[in-house]
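Residue-level structure breakdown
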Amino acid sequence: MVPVVVAAVLVGLLAAPPLRGLVARFAVPEGEPWCAACPSCGRDVRLLPPTGRCPGCRERLGAGAWSVETVAAAAAAAVAYAADGPAAAALGWAAALGVALGFVDARVRRLPYRLTLPLLGGVAALLTVAALVDGRPGALLRCLLVALAVGAVLELAVWAGALGPGDSPLGLALGGLLGWYGWSVALGGLFAAAVLAGLWAVLRAAAALVRRRPVRGLDVPVGPFLLLGALTAVLAR
């Protein structure tokens, strides 16, 4: 297992430059155009170094230095440890795009369809292949039911104004993925996401009070906690 995890960490580090590029491109406020090139020198931002700075003009773009690399390596190691069977590819795909989505949502509080829809489509296709390879059509039906259930809950929250529109396709993708492992794992993932988001909100409020600053709207990014909750449930199953 140790060699597999080490290899996964290396894969995560190799995947970090394009993931950084996705963060730099899509971490823009609502209503602004995607950042396809460095705003200072016009250099392409699809691949960025661990410093998070443009190779041409050294302007900082996207996430902080070595942050994406650290998270990508940790996510890859967790997937390597948790993954077994034909659904491993779907879990890896979700982890890879999930790293980019988590950073984007944390920075600008949005989950772009340009990332959530490929995540959803990839998970659906890979789970279909996994079910056919494993001879478990029942598991695929369960994935669909869990995905619809989770997506419906999140869509209600979107209609109520509590979440953004990008949370629904993310919920569909993660629900389908968790459904492969069973209803209890899916419920555990949602519970873990709610607990982690709540703890983050409490910690932010406590930090504001300690610094004697007003506690304004907490504005918790839900996407990173949905992703982390899903990964926690898969690891703990």
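Refer to the preceding data block for the structure.
Notes on the structure follow. Not measured: the values here are computed from a predicted model.

The rules behind these values
- Residues numbered from 1 in each chain as written.
- Predicted model: local features only at pLDDT ≥ 70, side-chain atom pairs only at ≥ 80, totals over all residues.
- Heavy atoms only, no water.
- 1 Å grid on protein atoms, 1.4 Å probe; cavity = no way out; pocket = protein on both sides within 12 Å on 5 of 7 lines; lining within 4 Å.
- Points joined across faces, edges and corners; volume = space filled by probe spheres on them.
- Helix = DSSP H or I, 4+ residues; strand = E, 2+ residues; numbered from the N terminus.
- Nonpolar A, V, L, I, M, F, W, Y, C, P; charged D, E, K, R; others polar.
- Phe/Tyr/Trp six-rings, centres within 6.5 Å; stacked < 30°, edge-to-face > 60°.
- Buried < 20%, exposed > 50% of the residue type's maximum accessible area, 1.4 Å probe, protein only.
- Core = buried A, V, L, I, M, F, W, Y, C linked by side-chain atoms within 4.5 Å.
- Contact = heavy atoms within 4.5 Å.

1. Things to note about empty space enclosed by the protein
In the structure shown here, the tally under the stated rule is one cavity of 30 Å³ or more. Approximately 60 Å³ is the volume found for the largest cavity. Considering the residues around the largest cavity, the lining is formed by Val 150, Gly 171, Leu 174, Gly 175, Leu 178, Ala 186, Gly 189, Leu 190, Ala 193, Leu 226, Gly 229 and Ala 230. Taken together, the elements giving at least two residues each to the lining of the largest cavity come down to helix H6 (167–181), helix H7 (183–210) and helix H8 (222–236). Looking at the lining of the largest cavity residue by residue, the classes come out as eight nonpolar, four polar and no charged.

2. Side note on the packing of aromatic side chains
Tallied over the full model, the rule gives two aromatic pairs. For the pair Phe 26 and Trp 34, a centre-to-centre distance of 4.8 Å together with 75° between the ring planes defines the contact as edge-to-face. Using a relative accessible area of 26% as the deciding quantity, one classes Trp 34 as partly exposed. With a centroid separation of 6.3 Å and 45° between ring planes, the pair formed by Trp 200 and Phe 225 is classed as tilted. Of this pair, Trp 200 sits in helix H7 while Phe 225 is found in helix H8, placing the two residues 25 residues apart along the sequence. Residue classification places Phe 225 among the buried residues on the basis of a relative accessible area of 12%.

3. Quick notes on the nonpolar core
Counting residues in each nonpolar core, the largest one holds 52 residues, and the members touching the most others are Leu 119, Leu 127, Leu 170 and Trp 180. Elements that contribute at least two residues to this core include exactly helix H1 (2–26), helix H2 (67–82), helix H3 (88–108), helix H4 (113–134), helix H5 (137–159), H6, H7 and H8. With near-sequence residues (within four places) excluded, Leu 127 lies in contact with Ala 87, Ala 90, Leu 140, Cys 143, Gly 176, Leu 177 and Trp 180. Counting residues in hydrophobic clusters, the runner-up holds six residues, among them Ala 24, Cys 38, Leu 48 and Leu 61.

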